[in-house]
Amino acid sequence: MPLCATCDSVDILNFLLICLSQCRDKQETLSDGETYDSRLNNYEGSEVKHHGDIFEIEKSSEDCDLCEIIFQAFKRTNVQDVEVARGLQIMFRASCNKIEVCCNTDAKEGLIKLCGLDVYMDEPDVEELFRVGQIKEDNSPPILKIMEKDPASKRSFEIASRWLKNCVESHSSCRPPNEFQKPPRRLIHVGNKTQNPFLVETFPDFQHVEWLSLSYCWGGEPSMKLTNDTMNALKNGIPLTNFDATIQDAVLVTRGLGIPYIWIDALCILQDDNEWSEEASKMNEIYGGSTVTLVIASSKSVKNGFLKERDLNYIPVAYSTGLAEDHRAKLFLSPEWDDSEREYNGPWSIRGWTMQEGLLPNRLLHYTASQIIWKCCEEQRFERGVTERVEDRISETLTYSDYDDIAFGSGFLWQLPAFLRFKRFKNHLPISLDYPLMSHSDTFRLWYDLVEDYTQRRFKRITDRLTAISGLARVYGDMIRNPTYVAGLWKEDLIRGLLWHVEGTALVPKRPAGNISTFPEDFPSWSWASVGYEVVKNDLKTDNSLRALSEIENVQIDLVDLRDPFGAVKSGSVTITGPLRRLPRLYNKEWASAEASMSKLERHISEIVEKESQGSVAHKYSSPPGGYFSVLLMLGDIGLLHLLVLEATGDILNGINVYRRAGILKLWYIDPSSYASPELIATLKKMETSITARLGLHKKTRKTRMTPNAVFMEVKRGNWVKETVMIV
């Protein structure tokens, strides 16, 4: 569709020139080690009027692509009252080297951003403009590069090859470790147009072999797998078209990158043999030693393929000034890029095995439905023309933050994306062996971050849950001086580690409450691996101030394979000594009655159980099968206590009562003098009724359950008996 007269009248070229100037000014300022504030730079023409309000945009959207983009952005907001937007002038502005569409509230709240618009040009034109303007491609460029509609095109493969070549030649930190240079047991030679792919069994004399490792979703049984029956056929070579679509596409990408071999689990590990468990323990070597790992982020089945035409939405708006006498560069607009795309939300990101496959390699090439993305230890590159460099992030951190350096404990590491965080972690740790590494929260914080991501991921066989993260655990343990790994946690940080919880709950699981553990036969109840597919959080991962009130006496792990301490477990127990208090139940339905005889702690716990049960409290909370529950004081500080809630099994082993983990409890004391003032409360209420909030553009604050001070004081002053217990 052509643009409406209003859209056509907006001088996009002028906005682009302003954005280029803003970008250059920012980059020059940062290179001088100074802070940049875009509000201090006024550019003529950086704000212009558009349609009268969103209702005019809605009417125009029937015949104008650009108005349609703006109106769809408005519909995506959580608008409480659409009439609030009536009469609010729509404005275009250049801000932070980007074009924004805003609602103008005049003096009330100024311009409120409604959506952003990205400017696109052909890659040669972008690079020429950046060269002339002395601008480098960074994490927020004013112009993006038009992407290929066909990801299997020659140009698309050239982009990926260029990224790989640049990394191999320029980034010494990205080279696979020497200890991982030995190739896997088998590889697939990718062949060429006249030679079929074929299976190769490697041997010790295989030197300097380059291979690409594939990370993808099976989504069912592959048509071709390595078995004793298919071994000879695969060695002799099989036509590319006989493989599933994803494998075909992966071979084409590998050829396009100039890499001779590819490692594919279904074709390089015998699927009808006991070989799998042995090879599973080598994933850190297979993926970590590869030249690059190819990630199929958007395909949920090996049969689907991933080199499919993309749905690109570029709206032509204007011509730029001539970059050459015989050339006029075209300008296009598109909706602002959804930043969630950077995390590759899709089938691959929710599969359990892909977690370590996406962190163990030093180089990753992601194929998403919309673009290809490069990751290595030094940078991330996006096909649309965005580059995020670690050195730039360091420069901005030192310029804008309160950190004087980026050393261990400074907080710098946690600002990086997950992949770079993991890759930079080892160099972030203190070198001195005298440093008390095990007592600092930053040592284990990254592990708890990984667990938080991992526990929501799905498996065909849930018994693989610990096995599929064993490669990461092995590498992580090596980085932090080899502490003792125990069923997904670390013994040296186990007091803190046991205090995990499922997001949104403390005591009642987000599932039918027939039993505390979803998979009792597979995992100890005290391990996060025992819960369902939920986000498991540890709110203490950043806290160094707490004092241990209990002590770990012993941890026993019965491994499936004694050769692999990071792998699957048959069972496990933690013996711990600390202040304990027995409770006859966790729920008393009379808790809300002032006449009911119970302690403040029991009343408080009953309230939590009822709220988390959402109307249907499981019988076991009021009549525990094992006879009782207990609470164990774990960590404390002035005004703060963390407790572990335990369910008795009824068993006694060597005179020690045996429990299962039931949940956690956090109690704190708040000084009345620190309560919010009436003025602050009034300000917060005013924010809730602002135009921004009513338009659905205001971020909602998270509500926190408050603990009555009386509960904290009762626990603090109570007579708690120190007891040794076993948790299984």
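Draft legend 1. The pattern of salt bridges, seen in detail. Counting across every chain of the model gives 43 salt bridges. Each of the salt bridges in this network shares a partner with another, and the network as a whole consists of Glu123, Glu127, Glu137, Lys145, Glu148, Arg155, Arg162, Glu379 and Arg381.

Draft legend 2. Region of interest: the nonpolar core. Core analysis: the largest hydrophobic core is formed by 136 residues, its most contacted members being Leu294, Leu365 and Trp447. Ranked by residues supplied to this core, first place goes to helix 15 (residues 441-454) with seven residues. Leave out the neighbours within four places in its chain, and Leu365 touches Ala160, Trp163, Val253, Leu257, Val292, Thr293, Leu294, Val295, Ile373 and Trp374. Val10, Leu16, Tyr36 and Phe92 belong to the second-largest nonpolar core, a separate cluster that totals 50 residues.

Draft legend 3. Examining the environment of Thr577 more closely. Turning to its location among the elements, Thr577 is positioned in strand 23 (residues 569-583). For the pair Thr577 and Lys491, spaced 86 residues apart in sequence, the C-alpha to C-alpha distance is 15 Å. Separated by 2.9 Å, the side chains of Thr577 and Glu553 make a polar contact.

Draft legend 4. Spatial organisation of the side chain of Arg351. If you trace the backbone, Arg351 turns up in the loop between strand 12 (327-335) and helix 12 (354-357). Of note is the side chain of Arg351, whose polar atom sits 2.7 Å from the backbone oxygen of Tyr216. Aside from chain neighbours lying at most four places away, what touches Arg351 is Tyr216, Cys217, Asp265, Glu357, Arg457 and Arg458.

Draft legend 5. View of the pairing of strand 24 (residues 629-637). The element strand 24 is extensively covered by neighbouring structure, given that eight of its nine residues are classed as buried. Across two bridges, strand 21 (residues 547-548) lies against strand 24 in antiparallel orientation. Residue pairing for strand 24: Arg547 is matched across the bridge by Gly636. Where strand 23 lies against strand 24, four bridges are found, and the strand directions are antiparallel. Looking at strand 24, one finds that Leu583 is bridged to Phe629. In terms of strand pairing, strand 24 meets strand 25 (residues 640-653) through eight bridges, oriented antiparallel. Counted as the bridge partner of Leu633 is Leu643 from strand 25. Hairpin remark: strand 24 followed by strand 25, antiparallel, with two residues in the connecting loop; positive phi at Gly639, about 80°.

Draft legend 6. Layout of the sheet that holds strand 14 (residues 372-376). Strand order in the open sheet formed by nine strands is 7-6-9-8-10-13-14-15-16, and the pairing between neighbours is mixed. Of all the strands in the sheet, just strand 7 (198-201) and strand 16 (386-389) have a single pairing partner and so form its edges. Strand-to-strand twist of the sheet, defined as the mean angle between neighbouring strand axes without regard to direction, takes the value 25°. With four bridges joining them, strand 10 (residues 292-296) and strand 13 (residues 363-367) adopt parallel strand pairing. The residue bridging Thr293 from the neighbouring strand is Leu364, located in strand 13. Helix 6 (residues 154-170) contacts strand 10, strand 13, strand 14 and strand 15 (379-382) of the sheet and is inclined by roughly 5° relative to strand 14.

Draft legend 7. Representation of unusual backbone geometry within the structure. Phi is positive for Asn482, which is not a glycine, with a value near 55°. Mapped onto the elements of the fold, Asn482 is located in the loop between helix 16 (470-479) and strand 17 (485-486). Notably, Gln614 is not glycine yet its phi reads approximately 55°, a positive angle. Relative to the assigned elements, Gln614 resides in the loop between helix 18 (600-613) and strand 24.

Draft legend 8. Focus on the packing of aromatic side chains. Applying the stated criterion across every chain, the model contains 20 aromatic pairs. Residues Tyr454 and Phe459 carry aromatic rings whose centres are separated by 6.0 Å and whose planes lie at 75° to one another, so their mutual orientation is edge-to-face. For the pair shown, Tyr454 and Phe459 are each scored as buried. Judged by centre distance (6.5 Å) and plane angle (15°), the rings of Tyr621 and Phe629 are stacked. Here the two residues Tyr621 and Phe629 agree in accessibility, since each one is buried. Above the ring of Phe382, the side-chain terminus of Arg384 is found at 5.0 Å from the ring centroid. The residue whose ring lies beneath Lys666 is Trp668, and the NZ or CZ to ring-centre distance is 4.9 Å.

Conventions we followed
- Every chain's residues receive numbers from 1 upward, in the order its sequence appears when written.
- With the structure being a predicted model, the display of local features is reserved for residues of pLDDT at least 70 and the display and counting of side-chain atom pairs for 80 or more, all residues being used for whole-chain, interface and lining totals.
- Calculation of side-chain values draws on the structure's entire complement of heavy atoms; hydrogens and water are dropped beforehand.
- Only one rule defines a salt bridge in this text: a Lys or Arg side-chain nitrogen within 4 Å of an Asp or Glu carboxyl oxygen.
- Residues grouped as a nonpolar core are buried Ala, Val, Leu, Ile, Met, Phe, Trp, Tyr and Cys residues, joined through side-chain atoms within 4.5 Å.
- Buried residues are those whose accessible area, probed at 1.4 Å on protein chains only, stays under 20% of the maximum for their type, while exposed residues exceed 50% and partly exposed ones sit between those limits.
- Think of it this way: any DSSP run of H or I at least four residues long counts as a helix, any run of E at least two long counts as a strand, and we number them from the N terminus.
- Working rule for contacts: check all heavy atoms of both residues, and any pair within 4.5 Å makes them a contact.
- Polar contact criterion, stated in full: a pair of N or O atoms within 3.5 Å, where within protein one must be able to donate a hydrogen and the other to accept it, and residues adjacent in sequence count only if both atoms are side-chain atoms.
- Here a strand pair is declared whenever DSSP counts at least two bridges between the two strands.
- Here the axes come from fitting lines to C-alpha atoms, over the contacting stretch only for helices, and the angles between their N-to-C directions go from 0 to 180 degrees.
- Two rings from Phe, Tyr or Trp (for Trp, the six-membered ring) form a pair when their centres are within 6.5 Å of each other. A pair whose planes differ by under 30 degrees is stacked, one over 60 is edge-to-face, and the rest are tilted.
- We call a charge positioned above a ring when the Lys NZ or Arg CZ atom is no farther than 6 Å from the ring centre and deviates by at most 35 degrees from the ring normal.

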